[in-house]
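# Tertiary structure, described
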Amino acid sequence: MPSNRREFLAGSLGLAAALVTAGCIGDSPGNTDSPTDSPESPNGSPSETEVPPPASTERTVGDATVAVFDIVAEKAVTYESIMGSGGVVAPDGKQFVVASVRSDTELEMDAFSLDAGGESWAAVDPGEEGAQNYAVADHEGGVVGSPELGGSDDARYVAFELDSPLDAEEPRIVLERGGESGEWELPEEARETLAASAPSFELDALSVPDSVDRGETLDVELTATNTTETPGRFLAAAYWPTRIADDDESHLIEQSVDAGETVMASLSIDTGDTQTDEGSATFRLSGHVDAEREVTVVGGTSTA
């Protein structure tokens, strides 16, 4: 979980300790417990250390001074919620452009679009698990136009879901405000990613125990194969129901995979705070592969 997100939760919700225990996707990623390779950063990935946006990214649009920067293109994206779960969005035939936005005036999401080759795509906020989204593709601060999640000077993000692949002329982010417009061209790396084919994965095996004693670890193993001739990142979120933060705990599985190669990953999930329905809980896998398994939790129906 990013440090400024923890500060927001501690100051505004008083739930920081509980949420960290709940295992937000950034707090207890599945690749911490799995023998995964260190994934390569996507083309144009933003820096982990926040720095002021370059002056060249600023535009005056209407009565606002706006900077759009750290523009990336990704075939699938991770996201984080301010409470509990995050996840992975990896729809077939789609891809995403995400950018950070800083402005001296409040902006609305529907004022942004991505224009390319004579077509236009409206801004979106990918991901539906948990509460209000805080970050998409490592771009933090909440989506443009959302209620304030941090300081007034904090950057927000704007995201677009496009067709994939997309080889179009002059892709650019456009802001319309007060009868004026501002434009930001996509960097070369992002344009190359948009035009490239995406990998596709098939779940070969998923091993989940039929039962687990409450408080013991739930040990999960999976294998999945990149069925294409395109290398890329395998992304999936594993969910386990917990009573903390009133949503499912999520664990991120992330691994760089060559064409035709197989992902092998394992997870060890703490079941001490499991929320069950008459003694049964559902393990879910969502992202590049999807699956569900029912698990009997021995030792009570709930710890509430």
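Data block above holds the structure.
Structure report, in brief.

Reading guide: rules and limits
Residues numbered from 1 in each chain as written. Predicted model: local features only at pLDDT ≥ 70, side-chain atom pairs only at ≥ 80, totals over all residues. Heavy atoms only, no water. Helix = DSSP H or I, 4+ residues; strand = E, 2+ residues; numbered from the N terminus. Buried < 20%, exposed > 50% of the residue type's maximum accessible area, 1.4 Å probe, protein only. Contact = heavy atoms within 4.5 Å. Areas by Shrake-Rupley, 256 points an atom, 1.4 Å probe, with all protein chains shown as cover. Pairing = 2+ DSSP bridges. Axes fitted to C-alpha atoms, helices over the stretch in contact; angles between N-to-C directions. Polar contact = N/O pair within 3.5 Å; in protein donor to acceptor, adjacent residues only side chain to side chain. Phe/Tyr/Trp six-rings, centres within 6.5 Å; stacked < 30°, edge-to-face > 60°. Salt bridge = Lys/Arg side-chain N within 4 Å of Asp/Glu carboxyl O.

## Digging into the overall build of the protein
- Secondary structure assignment for the protein yields three helices and 19 strands.
- Looking at the 304 residues of the protein, the share that counts as buried comes to 48%.
- Across the protein, every contact between residues at least 6 apart in sequence was considered, and the portion connecting residues at least 24 apart equals 72%.
- Element-wise, carbon and sulfur atoms account for 42% of the exposed surface of the protein, whose accessible area totals about 13,800 Å².

## Considering the sheet that holds strand 10 (residues 172-177)
- The eight strands are arranged 1-2-5-9-7-6-10-11 in an open sheet whose pairing can be described as antiparallel. A single partner strand is all that each edge strand has here, and the edge strands are strand 1 (58-61) and strand 11 (180-185). Across the sheet, the mean angle separating the axes of adjacent strands is 35° when strand polarity is ignored.
- Both strand 1 and strand 2 (residues 64-74) contribute to a ladder of four bridges, which runs antiparallel. Directly across from Thr60, in strand 2, lies its bridge partner Thr65.
- Relative to strand 2, helix 3 (residues 188-195) is tilted by about 45°, and along the sheet it contacts strand 2, strand 5 (94-103) and strand 9 (156-163).

## Remarks on the side chain of Thr225
- Within the secondary structure, Thr225 is located in strand 14 (residues 217-226).
- For Thr225, a relative accessible area of 17% corresponds to the buried category.
- In this structure the side chain of Thr225 is engaged in a polar contact, spanning 2.5 Å, whose partner is the side chain of Asp204.
- Residues in contact with Thr225, not counting those within four places in the same chain, are Ser200, Phe201, Glu202, Asp204, Gly260, Glu261 and Thr262.

## Some remarks on the packing of aromatic side chains
- Evaluated as defined, the whole model comprises one aromatic pair.
- A centroid spacing of 5.1 Å and a plane angle of 75° characterise the contact between Phe201 and Phe234, whose relative ring orientation is edge-to-face. With Phe201 in strand 12 (residues 201-207) and Phe234 in strand 15 (residues 232-241), the pair connects residues that are 33 residues apart, well separated along the chain.
- Residue class for Phe201 comes out buried when judged on its relative accessible area of 8%.

## Considerations on the pattern of salt bridges
- One pass over the structure, following the stated rule, counts six salt bridges.
- Of the charged contacts, one joins Glu74 and Arg233 as a salt bridge, the two residues approaching to 2.6 Å between their closest N and O atoms. Taken together, the positions of Glu74 in strand 2 and Arg233 in strand 15 put the pair 159 residues apart, joining distant regions of the chain. With respect to burial, Glu74 and Arg233 carry one shared label: buried.
- Between Glu254 and Arg233 there is a salt bridge whose closest N-O contact spans 2.7 Å. With Glu254 in strand 16 (residues 248-257) and Arg233 in strand 15, this pair connects stretches of sequence that are 21 residues apart. Just as Glu254 is buried, Arg233 falls in that class too.
- Taken together, the salt bridges that share partners define one network made up of Glu74, Arg233 and Glu254.

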